[in-house]
Amino acid sequence: MKEKIGGIHLVYVMIFFSLFISAIGSVAILKKTEHKVWSMVSAVFVNIIILLSTMFIMYNMNEEARIFGVDDSESLTLIIAIPIISWVNFVLLQFVNKNGRQVN
């Protein structure tokens, strides 16, 4: 069995990192601007930037993928994770209290 360096564990770490960063950024934008649409759009763009750049870095580091065009490092999981993480961010934004007051 071939053992991967970095492998699928790096993919999951980057997915959770993207979720964490985009959630913090979208909540900060929501609290400053009070526009939920802008915070959702920012969450999607942050996810796209982080996960696509990670995918391209992993693809360029894989010698076999550059020669044969076949990627065996599960980097497509990063692309599939973009809408899922964005949806999780949208759900999290529903629970953010914009005013800083308790809702009765």
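Residues numbered from 1 in each chain as written. Predicted model: local features only at pLDDT ≥ 70, side-chain atom pairs only at ≥ 80, totals over all residues. Heavy atoms only, no water.

1. Remarks on the environment of L76
Positionally, L76 belongs in helix α4 (residues 76-94). On the basis of relative accessibility, which here comes to 59%, the residue L76 falls in the exposed class. Along the backbone, L76 and M55 are 21 residues apart, and their C-alpha atoms lie at a distance of 7.5 Å. (Helix = DSSP H or I, 4+ residues; strand = E, 2+ residues; numbered from the N terminus. Buried < 20%, exposed > 50% of the residue type's maximum accessible area, 1.4 Å probe, protein only.)

2. Observations concerning unusual backbone geometry
Phi is positive for E34, close to 60°, though the residue is something other than glycine. Tracing the backbone shows E34 in the loop between α1 (7-33) and α2 (36-61).

3. Focus: α4
Between the first and last C-alpha of α4 there are 29 Å, a value that for 19 residues agrees with the 27 Å anticipated at 1.5 Å per step. Where α4 bends most, the angle comes to about 35°, and this point is I82, followed within four residues by the proline P83. Listing the buried residues of α4 in full gives L78, A81, I82, I85, S86, N89 and L93. (Expected span 1.5 Å × (residues − 1). Bend = angle between axes of the 7 residues up to and from the residue.)

4. Structural notes on the side chain of S39
Among the structural elements, S39 can be located in helix α2. Setting aside its immediate chain neighbours within four residues, S39 contacts S26, I29, L30 and L93. (Contact = heavy atoms within 4.5 Å.)

5. Observations concerning α2
Between the first and last C-alpha of α2 there are 38 Å, a value that for 26 residues agrees with the 38 Å anticipated at 1.5 Å per step. S39, M40, S42, A43, N47, I50, L51, T54, M55 and M58 are the residues of α2 that are buried.

6. Describing a nonpolar patch on the surface
A cluster of nonpolar side chains, namely I29, V37, W38, V41, F45 and I49, defines an oily patch on the protein surface of about 620 Å² accessible area. Tallying contributions element by element places α2 first for the nonpolar patch, with five residues. Looking at where F45 falls in the secondary structure, it is placed in helix α2. (Patch = residues over 30% accessible without salt bridge, like charges linked within 9 Å, V, L, I, M, F, W, Y side chains within 5 Å. Areas by Shrake-Rupley, 256 points an atom, 1.4 Å probe, with all protein chains shown as cover. Salt bridge = Lys/Arg side-chain N within 4 Å of Asp/Glu carboxyl O.)

Read these as layout, nothing more, since geometry by itself doesn't imply function.
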